[in-house]
Amino acid sequence: MSILVSGGAGYIGSHTCVELLQAGYEIEVAANFYNSSPLALERVKTITDKDAVEKILPKTPTSTASSSSPPTRRWGRASPSPSNTTPTTSTAR
């Protein structure tokens, strides 16, 4: 039996893969490489001397479990809200 690591090519997922493989588990990795790289899985193999079965998912999901975030939302710094961009003036007294 193997463990599925969703997002296993990302930062947290690849570290999880290393720990699971070193603990003796077999793993399968599901990744779409949207915010990660296939090189991460190569590095997991280099560190552990074990292969992870890789499942590459399509870039656009066919279904979602939650629609809390719009599909155009990107990781990273959010755009400033209007209250943060309003110029302020002050007068010295």
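**Thoughts on the packing of helix α1 (residues 11-22) against helix α2 (residues 38-48)**
Link 1 in the chain: Two elements in contact, α1 and α2, have axes separated by 10 Å at closest approach and are oriented at 25°. The angle between the axes of α1 and α2 places the two elements in the roughly parallel class. In the crossing of α1 with α2, the sense of the turn from one axis to the other is right-handed. Each of Ser 14, Cys 17, Val 18, Leu 21 and Gln 22 in α1 lies in contact with α2, whose residues at this interface are Ala 40, Val 44, Ile 47 and Thr 48.
Link 2 in the chain: Grouping the amino acids of the contact of α1 with α2 by side-chain chemistry returns six nonpolar, three polar and no charged.

**Structural notes on α1**
Link 1 in the chain: Helix length check: α1, at twelve residues, gives a terminal C-alpha distance of 17 Å against a target of 16 Å (1.5 Å per residue), a fit within 8%.
Link 2 in the chain: The set of residues buried in α1 consists of Gly 13, Ser 14, Cys 17, Val 18, Leu 20 and Leu 21.
Link 3 in the chain: Turning to α1, the residues buried within the fold contact β1 (2-6), β2 (26-31) and α2.
Link 4 in the chain: Where α1 ends, the next residue or the one after it, Gly 24, has phi of about 100°, a positive value.

**Points about α2**
An α-helix turns once every 3.6 residues. As a result, residues three or four positions apart point the same way.
Link 1 in the chain: Among all positions in α2, only Ala 40, Leu 41, Val 44 and Thr 48 are buried. Each buried residue of α2 sits inside an arc of 100° when the element is viewed along its axis, so together they form one side. With respect to the buried face of α2, the exposed residues turned more than 90 degrees away are Leu 39, Arg 43 and Thr 46.
Link 2 in the chain: Structurally, the start of α2 carries an N-cap: the backbone nitrogen of Leu 39 is 3.1 Å from a side-chain oxygen of Ser 37.
Link 3 in the chain: Two residues or fewer after α2 comes Asp 49, characterised by a positive phi angle close to 60°.

Rules behind the numbers
Residues numbered from 1 in each chain as written. Predicted model: local features only at pLDDT ≥ 70, side-chain atom pairs only at ≥ 80, totals over all residues. Heavy atoms only, no water. Axes fitted to C-alpha atoms, helices over the stretch in contact; angles between N-to-C directions. Helix = DSSP H or I, 4+ residues; strand = E, 2+ residues; numbered from the N terminus. Parallel < 35°, antiparallel > 145°, perpendicular 65-115°, else oblique. Left-handed = near helix turned anticlockwise from the far one by under 90°. Contact = heavy atoms within 4.5 Å. Nonpolar A, V, L, I, M, F, W, Y, C, P; charged D, E, K, R; others polar. Expected span 1.5 Å × (residues − 1). Buried < 20%, exposed > 50% of the residue type's maximum accessible area, 1.4 Å probe, protein only. Arc of directions from axis to C-beta. Polar contact = N/O pair within 3.5 Å; in protein donor to acceptor, adjacent residues only side chain to side chain.

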